[in-house]
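Summary of structural features
The primary structure of each chain is shown beneath.
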Amino acid sequence: MPELPDVEVYRQRLQNAARGRTLQGARVYDGQVLAGTSARALDRALRGARVAGTRRHGKALYAVMHRAPHLRLHFGMTGDLVLAGADDRDPGHTRVAFLLPAGRRLLFVDQRKLGEVGLVDDVDDDVAQHDLGPDVLDLDAAALAALLRGSGAGLKALLTDQQQVAGLGNIYTDEVLFQARLDPRAPAAALSDAGVGRLFRQTHRVLERAVRADADPAAMPRGWLLHHREDSASCPRGNGEIRSFSVGGRRGYWCPACQEGGT
DNA sequence: GGCAATGTTAGCCG
DNA sequence: TCGGCTAACATTGC
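Cut-off values and rules
- Residues numbered from 1 in each chain as written.
- Chains lettered and ligands numbered in written order.
- Predicted model: local features only at pLDDT ≥ 70, side-chain atom pairs only at ≥ 80, totals over all residues.
- Heavy atoms only, no water.
- Domains from an automatic or database assignment.
- Contact = heavy atoms within 4.5 Å.
- Buried area = accessible area lost by both parts, 1.4 Å probe.
- Salt bridge = Lys/Arg side-chain N within 4 Å of Asp/Glu carboxyl O.
- Polar contact = N/O pair within 3.5 Å; in protein donor to acceptor, adjacent residues only side chain to side chain.
- Helix = DSSP H or I, 4+ residues; strand = E, 2+ residues; numbered from the N terminus.
- Nonpolar A, V, L, I, M, F, W, Y, C, P; charged D, E, K, R; others polar.
- Pairing = 2+ DSSP bridges.
- Axes fitted to C-alpha atoms, helices over the stretch in contact; angles between N-to-C directions.

Regarding the domain arrangement of chain A
When its domains are assigned, chain A resolves into domain 1 (4-129) and domain 2 (136-259). Of note, the centres of domain 1 and domain 2, computed from C-alpha atoms alone, are 29 Å apart. With 11 residues of domain 1 at the contact, the number on the domain 2 side is 14 residues. Carbon and sulfur atoms supply 71% of the area buried between domain 1 and domain 2, which totals about 910 Å² over both sides. Contact with domain 2 buries area across many residues of domain 1, yet Leu4, Pro5 and Lys59 alone supply 53% of it, more than any other trio. Our count for the domain 1 to domain 2 interface comes out at zero salt bridges. Summed over the shared surface of domain 1 and domain 2, the number is two residue pairs in polar contact (both at pLDDT 80 or more). Where the side of domain 1 that touches domain 2 is concerned, the elements lending two or more residues are helix H1 (4-18) and strand S2 (51-57). Take the side of domain 1 that touches domain 2: its biggest share by element is six residues, from H1. In terms of residue class, the side of domain 1 that touches domain 2 is made up of four nonpolar, three polar and four charged.

Here we look at the sheet that holds strand S4 (residues 70-74)
Within the open sheet, the four strands sit side by side as S2-S3-S4-S8. Their pairing is antiparallel. Lying at the two open borders of the sheet, with one neighbouring strand each, are S2 and strand S8 (116-120). Strand after strand, the sheet turns through a mean of 20° between neighbouring axes, direction not considered. Summarising the sheet, S4 and S8 pair through five bridges and their orientation is antiparallel. Residue pairing for S8: Leu73 is matched across the bridge by Val117. Contacts from H1 reach S2 and strand S3 (60-65) within the one sheet, and its direction differs from that of S2 by about 175°. The sheet strands contacting helix H2 (residues 39-46) are S3, S4 and S8, and the helix crosses S8 at an angle near 55°.

Quick look at the structure:
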């Protein structure tokens, strides 16, 4: 699940559960998700550290502690962050537990173990080190236009490149381009002013609506493409058939009738 | 058994 | 250097 809306929901969960609280430590059940740290070092760094706040940049989530190091979470393809009470049993695939006061725990759950848990000295430095572009919701319309016009890549390839803009993944990029009636394969630089305007508005509309839906697709509007990600499914607008294509090894879905040639 | 799955990244090619 | 593609990572489910 973890694209921007999912990670934003995890951030809110982290914020509500942990902000202002002092962690009691961390239990690591599967060290494979640790990045650049050890179970021992993680536990030692977090025990007695107070959570001052939270930050999200693209798909990366940070717990900002009252002093360095801070906690960095990345959720890969299947990561989740779950709040558990003292008596709750761990869900399957729980890899790390962050211990809160009163026996509560925040659980880093990750079936496929492509996620990462690590420590960073400085959040901005970490964002820079991963070469992340600006968070997609922090871009204003002019900056988005400049990014598009300066790129030689296709629209979808550009929007999913975290080094260009951070936060959009496979599913929501397809959704935004469908809502904005833009061809995923069109060169980004070819977008008209009107196309840039639609892309900007739909990016915000889709992502903000998805966050309000708690990143739960079942709670998102019927008219959204994400309910129709299947070859020859019917277009939610009734315009024709959904078709799939491949970009950078990922499967994308679009409605040629709505999006073809739309720039 | 085969194939694809919300992400990232290294390596190859033109 | 850039953009595109593939494979690999690890695991599950259709």
